[in-house]
Amino acid sequence: MTRSDLVEELAARFGQLTHHDAESAVKTILDAMGLALIQGHRIEIRGFGSFSINHRPPRMGRNPRSGESVAIPEKRVPHFKPGKALRESVDARTAQLQADNKI
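What comes next is a walk through the structure. (Residues numbered from 1 in each chain as written. Predicted model: local features only at pLDDT ≥ 70, side-chain atom pairs only at ≥ 80, totals over all residues. Heavy atoms only, no water.)

Moving on, we get to the overall build of the protein. A count of helices and strands for the protein gives 3 helices and 5 strands. Of the regular secondary structure in the protein, the N- to C-terminal order runs α-α-β-β-β-β-β-α. Compactness check: the protein gives a C-alpha radius of gyration of 20 Å against a globular reference of 13 Å for 103 residues, more than 25% above the reference. Expressed as lengths along the three principal axes of its C-alpha atoms, the size of the protein is roughly 55 × 40 × 30 Å. Expressed as a percentage of its 103 residues, the buried residues of the protein come to 16%. Counting contacts in the protein only where the partners sit at least 6 residues apart, residues at least 24 apart contribute 29% of the total. Summed over its atoms, the accessible surface of the protein is roughly 8400 Å², and 55% of this surface lies on carbon and sulfur atoms. (Helix = DSSP H or I, 4+ residues; strand = E, 2+ residues; numbered from the N terminus. Rg over C-alpha atoms; globule rule 2.2 N^0.38 Å. Buried < 20%, exposed > 50% of the residue type's maximum accessible area, 1.4 Å probe, protein only. Contact = heavy atoms within 4.5 Å. Areas by Shrake-Rupley, 256 points an atom, 1.4 Å probe, with all protein chains shown as cover.)

Here is the structure:
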């Protein structure tokens, strides 16, 4: 699902929202989540999952073309951990689709 798919779904589900309002709502939520992660906060959405920042220490990598060693600097990357309810619903739904031979 893309951002535009999410906007379309929101506008379709809530008839009182215009497409512009739904787009603004999605942008506001995603911007707020991004800002919270930049500031080092953890985001938890009950029943869905949590977003946090993982720290990757510096390491030595290898250029696959030349085989030369390359220093890779440390970085902080976003990490998503699905909640129990989401994991269980995805597992149940995929098991059901497999049983119906749809995937």
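After presenting the structure, the write-up continues.
Residues Ile-45, Phe-48 and Phe-80 make up a contiguous nonpolar surface patch of about 230 Å² in total accessible area. Mapped onto the elements of the fold, Ile-45 is located in strand S1 (residues 43–45). Its relative accessible area of 35% is what places Ile-45 among the partly exposed residues. (Patch = residues over 30% accessible without salt bridge, like charges linked within 9 Å, V, L, I, M, F, W, Y side chains within 5 Å. Salt bridge = Lys/Arg side-chain N within 4 Å of Asp/Glu carboxyl O.)

This next bit is on the layout of surface pockets. Taken as a whole, the largest pocket holds about 370 Å³ of empty space. Every residue along the wall of the largest pocket is listed here: Met-1, Leu-6, Glu-9, Leu-10, Arg-13, Val-26, Ile-29, Leu-30, Met-33, Ile-45, Phe-48 and Phe-51. Counting only elements with at least two residues in the lining of the largest pocket, the list comes to helix H1 (3–13) and helix H2 (19–38). Tallied by class, the residues present in the lining of the largest pocket amount to 10 nonpolar, no polar and 2 charged. (1 Å grid on protein atoms, 1.4 Å probe; cavity = no way out; pocket = protein on both sides within 12 Å on 5 of 7 lines; lining within 4 Å. Points joined across faces, edges and corners; volume = space filled by probe spheres on them. Nonpolar A, V, L, I, M, F, W, Y, C, P; charged D, E, K, R; others polar.)

Take the pattern of salt bridges next. In the structure shown here, the tally under the stated rule is 4 salt bridges. For Glu-9, the salt bridge goes to Arg-13, with nearest N and O atoms at 3.0 Å. Placement of both Glu-9 and Arg-13 in helix H1 is noted, with a separation of 4 residues, approximately one turn of the helix. Glu-9 gets classed as partly exposed once you look at its relative accessible area, which sits at 37%.

Another aspect to go through is the nonpolar core. Grouped burial of nonpolar side chains is what soluble globular proteins tend to show. In this structure, Met-33, Ala-36, Leu-37, Ile-43 and Phe-51 together form the largest nonpolar core, which totals 5 residues. By residue number, the principal contributor to this core is H2, which donates 3 residues. Ignoring anything within four residues of it in the chain, the contact list for Met-33 reads Ile-43, Ile-45 and Phe-51. (Core = buried A, V, L, I, M, F, W, Y, C linked by side-chain atoms within 4.5 Å.)

Before going further, it helps to spend a moment on the sheet that holds strand S2 (residues 49–56). Taken in spatial order, the 3 strands make up an open sheet running S1-S2-S5, and their pairing is antiparallel. At either margin of the open sheet sits one strand with a lone partner, and together these are S1 and strand S5 (75–82). Ignoring strand direction, the axes of neighbouring strands in this sheet form an average angle of 25°. (Pairing = 2+ DSSP bridges. Axes fitted to C-alpha atoms, helices over the stretch in contact; angles between N-to-C directions.)

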